[in-house]
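Structural characterization, general
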Amino acid sequence: MSTQDFAQVLRTRISRRRHIKQLAGSVAAGLFPAGALWADDERPDSASSLTFSELPHGYDEHHHVAPGYKADILIRWGDALFADTAVFAPGRQTPDQQIGQFGYNNDFVEYLPLPLGSANSEHGLLCVNHEYTNAHLIFPGYTDRRDAVSRLTETQMRVEQEAVGMSVVEVKKTNGSWSVVKDSRYARRITAHTPMVLTGPAAGHARLMTGADPTGRAVLGTLGNCAGGVTPWGTVLSAEENFQDAFWGDRDKAAKRAPLERRGWDSFGTGLTAQARTRQSDAPVEKYPNTGWHRIDARFNIEKEPHESNRFGWIVEVDPYEPQSIPKKRTALGRFRHEAATVAAKPGQRAVVYSGDDQEFQFVYKFVSRLNFEPGNRPHNMNLLDDGDVYAAKFNADGTGEWIRLNVGADGDLGAALIDVRHVAAAAGATPMDRPEDIETSPVTDCTYLTLTKNSNRQAGDEDGPNPRAQNYWGQIIEIRSPGEDGQRDHTAATFEWDVLALGGDPNDISDDASGRPHAQTSRNGWFANPDNLAFDPKGRLWVGTDGMPDSAPKASGGVPVHDGVWAMDVAGEGRALPRHFFGCPVGAELSGPCFTPDGRTMFAAVQHPADEPGSTFETPANRWPDFDPALPPRPSVVVITKGDGGEIGS
Ligand code: FEO
Ligand code: CA
Ligand code: CA
Ligand code: CA
């Protein structure tokens, strides 16, 4: 796409905004010319409803929050959840110890008030996903992850298997300070071994049967738990994303042992569509090396158990209020690399669950339940996600879009179609996206926002409306407007309108083609890249967590890395799409799962994989965040952020 074409895309997508005049000025001057004026770090008060002073960009071993706020460590990997849990013994943990301790690499974080159904903002349950492990930072003696994966002991791998999944933690605010309630009756660890069931249309399908489970319904554990969502009936949805990293084996050999698998569809990794295959330089691209777990558990060897991987890649519904409840993998939502699962459900109407598939050139989906959400009828709502339709998004260049209902039962094999729903979506003409991550709906306008984190493999000539840049290292945020008025939109509808809300990258560098706003209005520290997790505060301001800026930002900043963190912006009014920098992570970490208490006075955020830098090891880590104790390794931790005066965050 030429510069002029790109300008046209931006003009088309943003032209309905009042900012067209300024934007057109930028474009006419050569599309964000180098050396253009920066706004002051403090913009005029009228521009944004967010009043905090911005945090500077930076990159060091500490975490940082905007002046006037405090960000305290709430819980760390290894902290005990139960009265009889052993004290954290870094490097010498046993599986039995880890299963009683907070897990590794916290990602999704959601606060659910206690008691169920209340809006209590000072006492609740924190549900936290543990996405994966960095073995070379957990155990001594390894030079990097690849080295560790090849040589880990059985005990070490079993520790890892107990360090992933989810934690449920009771938290309470006393005299303005948050702490974890020790030995809570709600405390729970869900791991790679926790018994759970497959439910919905694919449950019991022949391709979900294994040697250990001839029913095709009983699974041990959950893997790759990235982001998620919360339902209005008080459960959490945990998204199984990069589960394929736990599996090993030759796909062709595995396929020979599994005649029901479609050859060439690569179902073991959820299946690259042919479209994604041809567009990727090196398909299939796996983000992380294998875990090595196949050496101790045959179920992770696809040559020996080719159906086991079909039992992952689902949305898992967990009831945190019932610690003995069995988690349910909801097959009706389809199987792919689920980033998250966020619910839009109005009383008396069908429930909608949005979910992105986080791989290059994959799709955005929504599930619409067949039955209505009935407030107060929890037994009814607890089964809503087992029956409904799956749709995939098609974005048209004119700012309209369609939700294509996937005819998953077309060939009479509904279960197989849900297992390989990517292929159904591709055949139906869904739009291949720049790695869909989180999706959130504004509690004020009812508009929906989608992060696309990056896609360096999008080639020139392959750009389209919501994916407007080739070699996209920086990502973007898309606004989706379901039909209806602000606050009363119909999420079940088959059509929508869309806009680019913001483009990632440094707008001071022409190579970025950055900013969905007039360049001069973005503050020096206000730009971000690689949007990943999203959260709305009660006033409807959008808070964005990033993952990847230390890698991508130098491309724009002459080699100076910038930490991942949190940026916040209005999505309506004068401050629309003007981000302000609020929180910064320590070296090596990404920022995951920001969420708010109902009163907006507390934000919980997960600092994931601190010190995950080249050359960083257990013995000589890039930092020892958050303890900075020579006896302790870096520890992924949840931070709790409050305002110094106890007031609402951002106000
Ligand atoms: Fe686990 Fe797509 O981030
Ligand atoms: Ca993510
Ligand atoms: Ca979110
Ligand atoms: Ca991430």
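Residues numbered from 1 in each chain as written. Chains lettered and ligands numbered in written order. Predicted model: local features only at pLDDT ≥ 70, side-chain atom pairs only at ≥ 80, totals over all residues. Heavy atoms only, no water.

A look at the coordination of the calcium ion (ligand 3)
For the calcium ion (ligand 3), the protein coordination sphere consists of Asp-438 (OD), Glu-440 (OE) and Leu-534 (O), at 2.2 to 2.3 Å. For the calcium ion (ligand 3), all donor residues lie on one chain, and their spacing in sequence is D-x1-E-x93-L. Taken as a pair, Asp-438 in strand S21 (residues 436-441) and Leu-534 in strand S27 (residues 531-536) lie far apart in primary sequence, 96 residues in all. Assessed through its relative accessible area of 3%, Asp-438 is described here as buried. (Donors = N, O, S within 2.8 Å, 3.2 Å for Na, K, Ca; no water. Helix = DSSP H or I, 4+ residues; strand = E, 2+ residues; numbered from the N terminus. Buried < 20%, exposed > 50% of the residue type's maximum accessible area, 1.4 Å probe, protein only.)

Examining the side chain of His-136
Looking at where His-136 falls in the secondary structure, it is placed in helix H4 (residues 135-138). Within the local environment of His-136, its side chain forms a polar contact with the backbone nitrogen of Arg-145, the two atoms lying 3.5 Å apart. The residues touching His-136, leaving out its near neighbours within four places in the chain, are Tyr-142, Asp-144, Arg-145, Ala-148, Asp-612, Ser-616, Thr-617 and Phe-618. (Polar contact = N/O pair within 3.5 Å; in protein donor to acceptor, adjacent residues only side chain to side chain. Contact = heavy atoms within 4.5 Å.)

Notes on the environment of Arg-576
Within the secondary structure, Arg-576 is located in the loop between strand S29 (565-569) and strand S30 (580-584). The buried category is assigned to Arg-576, whose relative accessible area is 8%. Once the C-alpha coordinates of Arg-576 and Ser-49 are considered, the two residues, 527 residues apart in sequence, prove to be 9.4 Å apart.

Structural notes on the packing of aromatic side chains
Counting across every chain of the model gives 25 aromatic pairs. Here Tyr-111 and Phe-604 contribute two aromatic rings whose centre-to-centre distance is 5.8 Å and whose plane-to-plane angle is 15°, an arrangement assigned as stacked. You can see Tyr-111 sitting in strand S3 (residues 106-113) and its partner Phe-604 sitting in strand S32 (residues 602-608), a full 493 residues away along the chain. Ring geometry for Tyr-449 versus Phe-536: centroids 5.7 Å apart, planes at 55°, classification tilted. Here the residue Tyr-449 occupies a position in strand S22 (residues 448-452), and Phe-536 occupies one in strand S27, the gap between them amounting to 87 residues. Tyr-449 sits in the buried class, given a relative accessible area of 0%. Judged by relative accessible area, which is 11%, Phe-536 ranks as buried. The positively charged end of Arg-185 is found above the aromatic ring belonging to Tyr-186, 4.4 Å away from the centroid. Positioned over the ring face of Phe-52 is Arg-580, at 5.6 Å from the centre of the ring. (Phe/Tyr/Trp six-rings, centres within 6.5 Å; stacked < 30°, edge-to-face > 60°. Lys NZ or Arg CZ within 6 Å of the ring centre and 35° of its normal.)

A closer look at the coordination of the calcium ion (ligand 4)
Distances from the calcium ion (ligand 4) to its protein donors, Asp-532 (OD), Asp-547 (OD), Glu-590 (OE) and Glu-590 (OE), fall within 2.4 to 3.0 Å. Along the chain, the residues donating to the calcium ion (ligand 4) are arranged with the sequence spacing D-x14-D-x42-E. Taken as an interatomic distance, the gap from the calcium ion (ligand 4) to the calcium ion (ligand 2) is 3.3 Å; Asp-532 donates to each of them. Highlighted residues: Asp-547 in the loop between strand S28 (542-546) and helix H12 (549-552) and Glu-590 in strand S31 (residues 590-596), separated in sequence by 43 residues. Among the residues examined, Asp-547 registers a relative accessible area of 17% and is labelled buried.

Quick look at the sheet that holds S29
Spatially, five strands are ordered S1-S30-S29-S28-S27 in an open sheet, and the strand pairing comes out antiparallel. In the strand order of this sheet, the two ends are held by strand S1 (64-65) and S27, each with one partner. Here S29 runs beside S30; their pairing, made up of four bridges, is antiparallel. Bridge pairing in S30 links Gly-565 to Gly-584. (Pairing = 2+ DSSP bridges.)

A short note on the nonpolar core
Leu-223, Phe-247, Trp-293, Val-353, Tyr-365, Leu-385 and Leu-406 are the most contacted members of the largest nonpolar core, which totals 75 residues. Of the residues that make up this core, three or more belong to each of domain 1 (3-81 + 99-148 + 222-243 + 315-643) and domain 2 (244-312). Not counting chain neighbours up to four residues away, the residues in contact with Phe-247 comprise Leu-223, Asn-290, Arg-299, Phe-300, Ile-302, Glu-308, Ser-309 and Phe-312. Counting residues in each nonpolar core, the second largest holds 23 residues, with Ala-535, Phe-582, Val-607 and Ile-649 among its members. (Core = buried A, V, L, I, M, F, W, Y, C linked by side-chain atoms within 4.5 Å. Domains from an automatic or database assignment.)

Some words on the pairing of strand S23 (residues 476-481)
Across the six residues of S23, six count as buried, placing the element largely inside the fold. Because side chains alternate across S23, one face comprises the buried residues Gln-476, Ile-478 and Ile-480, and the other comprises Ile-477, Glu-479 and Arg-481, equally buried. Where S22 lies against S23, five bridges are found, and the strand directions are antiparallel. For Leu-450, the partnering residue across the bridge sits in S23 and is Ile-478. With six bridges joining them, S23 and strand S26 (residues 495-503) adopt antiparallel strand pairing.

Here we look at unusual backbone geometry
Where the residue is not glycine, phi is negative for most of them; where a peptide bond is considered, it is trans in most cases. A cis amide bond, omega -5°, links Leu-114 with the succeeding residue Pro-115. In this structure, Pro-115 sits in the loop between S3 and strand S4 (123-130). Of note, the bond from Trp-625 into Pro-626 is cis; its omega dihedral lies within 30 degrees of zero at 0°. Backbone geometry places Asn-530, a non-glycine residue, at a positive phi of 55°. Mapped onto the fold, Asn-530 is located in the loop between S26 and S27. Classification of Asn-530 as buried rests on a relative accessible area of 1%. Positive phi values are uncommon outside glycine, yet His-609 reaches one of about 40°. Here His-609 shows up in the loop between S32 and strand S33 (637-643).

Structural notes on the environment of His-581
When you line up the elements, His-581 lands in strand S30. Distance from His-581 to Val-65, taken between C-alpha atoms, is 8.8 Å for residues 516 residues apart in sequence. Contact partners of His-581, with chain neighbours within four places excluded, come to Phe-52, Glu-54, Leu-55, Pro-56, His-57, Asn-525, His-563, Val-566 and Trp-567. Among the polar contacts made by the side chain of His-581, one reaches the side chain of His-563 at a distance of 2.9 Å.

Concerning the pattern of salt bridges
Under the criterion given, the structure shown has 31 salt bridges. Here Arg-330 and Glu-317 are joined by a salt bridge, their closest N and O atoms 2.8 Å apart. Residue Arg-330 is found in strand S13 (residues 328-330), and its partner Glu-317 is found in strand S12 (residues 315-318); the two are separated by 13 residues along the sequence. Summarising the burial analysis for this pair, Arg-330 and Glu-317 share the class buried. Between Asp-319 and Arg-378 there is a salt bridge, and its shortest N-O distance comes to 2.9 Å. (Salt bridge = Lys/Arg side-chain N within 4 Å of Asp/Glu carboxyl O.)

Some thoughts on the sheet that holds strand S8 (residues 195-199)
The sheet built from six strands is open, its strands ordered S9-S8-S13-S12-S11-S10 with mixed pairing. Every other strand in the sheet has two partners, leaving strand S9 (218-220) and strand S10 (225-230) as the edge strands with one partner each. Taking each pair of neighbouring strands and ignoring which way they run, the sheet shows an average axis angle of 35°. Pairing geometry for strand S11 (residues 236-240) and S12, over four bridges, is antiparallel. Among the inter-strand pairings, Val-236 is bridged to a residue of S12, identified as Val-318. (Axes fitted to C-alpha atoms, helices over the stretch in contact; angles between N-to-C directions.)

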